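# Breakdown of the fold
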Amino acid sequence: MKHQDALTLKDANEIYMLRIKEQKENELEKINLEETIKMEGQLFQPILEGMKLSLKESQKKMEKEMKICMKAADTLKKKNKKKSTKEEYKAYIDKFLTRVKAIKHAIITSEDQKDMEMKCIEERVNYLNGLKKKGKQQKWFQTRLNRMIVDHMMREGQHEAAKQLAKTTNIESLVDLKLFKEIQEIERDLEQHCVTMALAWCKTHHSKMTISKLEFELHAQAYIQLVIKGESKKAIEYARTYLSTYKTLFEKDIHILGALLAFPKDTTITKYATYYAPQRWTYLQKLFRSAHYALYARTHHAPLKLSLQAGMTALHTPMTDESIHDPLCHEPYKTLVTKLPYASPGQTHIYCRLSAKRIDEDNPLLYFPQSGQGYSKQALKEMAQTMNGYVVDPISKERVLFDQLKRAYLM
């Protein structure tokens, strides 16, 4: 009898695993490929922006080197007319050859960079195409999950751990570790009350930030630092050079900044004290991060958090806070669902874990008396037909007759 029970439990587990596999396959078949790919829109934006930037920089460098080479060639012609000595002529030829080699090196470096970027684009295109391959979808979703985790870790400042995970899961070409490293370095610079790196970043991407609140606020902070040091003359010159260009956009702010010259840093007048407050540096960090995300088409919140909240919304009901068995009542899920809307009963459906079929009045939910685990009537009936009227809960191993199952009513 014990041997028969062992076989029965084994069969129940096998049935359960097959049902789960079928359910996953059914879910994958229902996936809207077009909508899923839309969610990966930010996958290419960082590379495209990087290519534009590297092309612009290499072009400037090439033009500079070419001008120097042309000037050196003209000098050689003049030296030839003046009949310079062999040593002088040789020295100028060496300088000319050095510049030519510099141009050659710049071209090779630019080509290598371009090849790396094109390879990265190719790998990301192949990653997206993997979603369309039958039998490979599960692997694709695991890769996407790894990407989301790495992205979340980078946003939280866990850079070394994120780098290690990306390397372990072989997705280094699918994540933008370099960009998050850039954010970390500039935010650290702002923590040290310095705006140099942030302003340099704004200058590099100035064409994309024509009316940038960030750039204005950084210049304003540089001006405030001069006022705090008591260097009024330098502060006025700085304001005329950098802040005057924003007069039409931030006129009110500029008037307040100008008035700071008459108010000390320990002033109690709120509208002036705000500009002297240490919290302004935190504000600048958040402003910079938002501008960086916007430039590279990134969401303000981590995709991992958004995906979790999207799934939790379906489970969030007015009864959530009252049930100790509900996972959403416990941390960390409780914090995530705090501001989420409740699920709409008219749009929420429950599916069986065994059959992946919808549970409704024609296929009601039945649960085991002791464990409380529930499955659809149709799935349990099919199990009972193969096990002489008995059913086994694959999770708790509880074994009862089909007739002993209780019906659950969903509100």
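The sections below set out a description of the structure shown in this document.

Reading guide: rules and limits
Residues numbered from 1 in each chain as written. Predicted model: local features only at pLDDT ≥ 70, side-chain atom pairs only at ≥ 80, totals over all residues. Heavy atoms only, no water. 1 Å grid on protein atoms, 1.4 Å probe; cavity = no way out; pocket = protein on both sides within 12 Å on 5 of 7 lines; lining within 4 Å. Points joined across faces, edges and corners; volume = space filled by probe spheres on them. Helix = DSSP H or I, 4+ residues; strand = E, 2+ residues; numbered from the N terminus. Nonpolar A, V, L, I, M, F, W, Y, C, P; charged D, E, K, R; others polar. Core = buried A, V, L, I, M, F, W, Y, C linked by side-chain atoms within 4.5 Å. Buried < 20%, exposed > 50% of the residue type's maximum accessible area, 1.4 Å probe, protein only. Contact = heavy atoms within 4.5 Å. Salt bridge = Lys/Arg side-chain N within 4 Å of Asp/Glu carboxyl O.

We now examine the layout of surface pockets. There is about 1,100 Å³ of room inside the second largest pocket. Taken together, 37 residues form the lining of the second largest pocket, with Gly50, Ser54, Gln113, Glu117 and Lys178 sitting closest to its centre. At the level of secondary structure, the elements contributing two or more residues to the lining of the second largest pocket comprise helix H3 (45-81), helix H4 (86-129), helix H7 (177-191) and helix H8 (196-204). A total of 12 residues in the lining of the second largest pocket trace back to one element, the largest contributor, which is H4. Class assignment for the residues of the lining of the second largest pocket results in 15 nonpolar, 10 polar and 12 charged.

Looking now at the nonpolar core. One finds Val150, Leu190, Trp201, Leu214, Leu218, Tyr223 and Leu257 to be the most contacted residues of the largest nonpolar core, which totals 54 residues. For this core, the leading source of residues is helix H9 (residues 213-228), giving nine residues. Setting aside residues no more than four positions away along its own chain, Val150 makes contact with Ala162, Leu165, Ala166, Ile171, Val175 and Leu177. Formed by 17 residues, the second largest nonpolar core is a distinct cluster that contains Leu365, Leu366, Phe368 and Leu380.

Okay, the pattern of salt bridges next. Within this structure, the stated rule accounts for nine salt bridges. A salt bridge links Lys213 to Glu217, with the nearest nitrogen and oxygen atoms 3.1 Å apart. With Lys213 and Glu217 both in helix H9, this residue pair falls four residues apart, about one helical turn. Here Glu217 falls in the buried class, since its relative accessible area comes to 4%. Arg280 serves as the salt-bridge partner of Glu217, at 3.0 Å between the closest nitrogen and oxygen. Linking Glu217 in helix H9 with Arg280 in helix H13 (residues 279-295), this pair joins segments that are 63 residues apart in sequence. Each member of the pair, Glu217 as well as Arg280, carries the same accessibility label: buried. Within this structure, Arg124, Asp151, Arg155, Asp176 and Arg298 form a network of salt bridges that share partners.

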